[in-house]
Amino acid sequence: MTAVLVVNSGSSSFKYQLIEMDTETTLASGLVERIGEVIGDSVHSIAGVKAEVSAAEAAAETHLAASADQKWKRELPIPDHTAGFAVMLEAFATHGPSLAVHAPVAVGHRVVHGGARFHQPTLVTPQVERDIDELSGLAPLHNPGALQGIVAAIEAFADVPHVAIFDTAFHQTLPPEAFTYAINADLAEKFRIRRYGFHGTSHGFVAREAADFLQRPVEDLNQIVLHLGNGGSACAVEGGRSVETSMGMTPLEGLVMGTRSGDIDPGVLFHLHRRAGLDFPEIDKLLNRGSGLLGLTGRGDMRDVIVAAAAGDGPSQLAIDVYVHRVKGYVGAYYAQLGRVDVISFTAGVGENAPLVRERALAGLEAMGIRIDPERNAAADRGARVISADDSAVTVLVIPTDEELEIARQTLATVR
């Protein structure tokens, strides 16, 4: 058995999955959250075990089939990530699967920002830790938490290699004309101002899964991947390589998101500063946490927005119009950049589960050879599936993303 532990750490939480790589089966998953947050006299944490392996299965080392979800919840003070990993280890010891039987051969860590420095999965060394810390200036909300998780995980799993998987790595193939901002070149170089792109783990996974689903080499396909979740981004993939993407130096650029504005005239920021009296931390908070669907409707979840729009709520109807207008614009732009599009894939929470968004985002593009089949699109199917019409020149797919599995695959390939 070959298991990999995948860790996705933030500043006050971390998610984890233990994945058996021989069968790519998730043995357990969990969440430790509200690390360091004092609520009254206590800090709360939650951990969950997704699949429990029986003693007989473990002893026989047979195929591991997940039982019904086993959930475990506990509330106790968690002062830091090191204490959080102790809670996770306790969950494994108490509820299984046994780490003695399924000891991870490596730990894979999601890191949001690798700058221009990291373009592939990288074994964690003290120098890599320093680099991740130094790159925190480009991702102050993400990299510090990832580093805290790495340090704590190395303490908990000191005898196995740790691998950093960077969200930005897949987009290191962007050509200069795609990643360069038209500002003073000396300032851009000094302060590393360029477009990096994000959700790269998901975009790369979906592009390859789409090619496998269609039984075609990924090198032969031009694809547009639409990762639509609480965060959202589009990516043009030419022969398996990212050549354009909607997020920029930070994850704020591009599509309308749950709480992020996406594309906005930079002059708006100066106007808010001069006329509304907002300082730059307030503007940062507004654009990242108080905009997007939340800013337009007071609701940050597309599911709630769709329900409200169906009930006649005007702001929610407008929010959906704005959301799909932006997606459609990027589809058209990337079609022009690629010159030929073979596949468009929807993925992530909204992309996989909102037929209304998929339908409206591609409506009116029939002249470009893009035609959705209404019945296929509305079907309650799960898994990879075709939603385009038989006469559509461009194949439109829904491909469930699995960033944790992709991280595990890259981690295992790196240590091997």
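Residues numbered from 1 in each chain as written. Predicted model: local features only at pLDDT ≥ 70, side-chain atom pairs only at ≥ 80, totals over all residues. Heavy atoms only, no water.

K.L.:
Please provide a residue-by-residue account of the overall build of the protein, values included.
P.N.:
Of the regular secondary structure elements, the protein holds 16 helices and 14 strands. Over its C-alpha trace the protein gives a radius of gyration of 22 Å, about what one expects of a compact globule, namely 22 Å for 416 residues. For the protein, the spread of C-alpha atoms along the principal axes amounts to about 60 × 55 × 45 Å. By the burial criterion, 49% of the 416 residues in the protein qualify as buried. Taking contacts inside the protein between residues at least 6 apart in sequence as the whole, the part at least 24 apart equals 64%. Roughly 18700 Å² of accessible area belongs to the protein as shown, and the carbon and sulfur atoms make up 52% of that amount. (Helix = DSSP H or I, 4+ residues; strand = E, 2+ residues; numbered from the N terminus. Rg over C-alpha atoms; globule rule 2.2 N^0.38 Å. Buried < 20%, exposed > 50% of the residue type's maximum accessible area, 1.4 Å probe, protein only. Contact = heavy atoms within 4.5 Å. Areas by Shrake-Rupley, 256 points an atom, 1.4 Å probe, with all protein chains shown as cover.)

K.L.:
Please provide a residue-by-residue account of the UniProt feature "active site" (unreviewed entry) in the protein, values included.
P.N.:
If you check UniProt for "active site" (unreviewed entry), the listed places come out as Asp167 in our numbering. Considering the arrangement of structural elements, one finds Asp167 in the loop between strand E8 (162-166) and helix H5 (176-179). When its relative accessible area of 1% is taken as the criterion, Asp167 is described as buried. Every residue in contact with Asp167, bar those within four places of it in the chain, is listed here: Arg110, Val111, Val112, Gly197, Phe198, His199, Gly200 and Thr201. (UniProt positions renumbered as here; feature names shortened; annotations may be inferred.)

K.L.:
Account for unusual backbone geometry, naming residues and giving values.
P.N.:
Note the cis peptide between Gly96 and Pro97, where omega equals -5°. On the secondary structure map, Pro97 appears in the loop between helix H2 (81-95) and strand E6 (104-111). Located in the positive-phi region is Arg192, a residue other than glycine, with phi close to 55°. Structurally, the position occupied by Arg192 is in the loop between helix H6 (185-190) and helix H7 (200-214). Positive phi values are uncommon outside glycine, yet His199 reaches one of about 60°. Relative to the elements of secondary structure, His199 occurs in the loop between H6 and H7. We classify His199 as buried; its relative accessible area is 10%.

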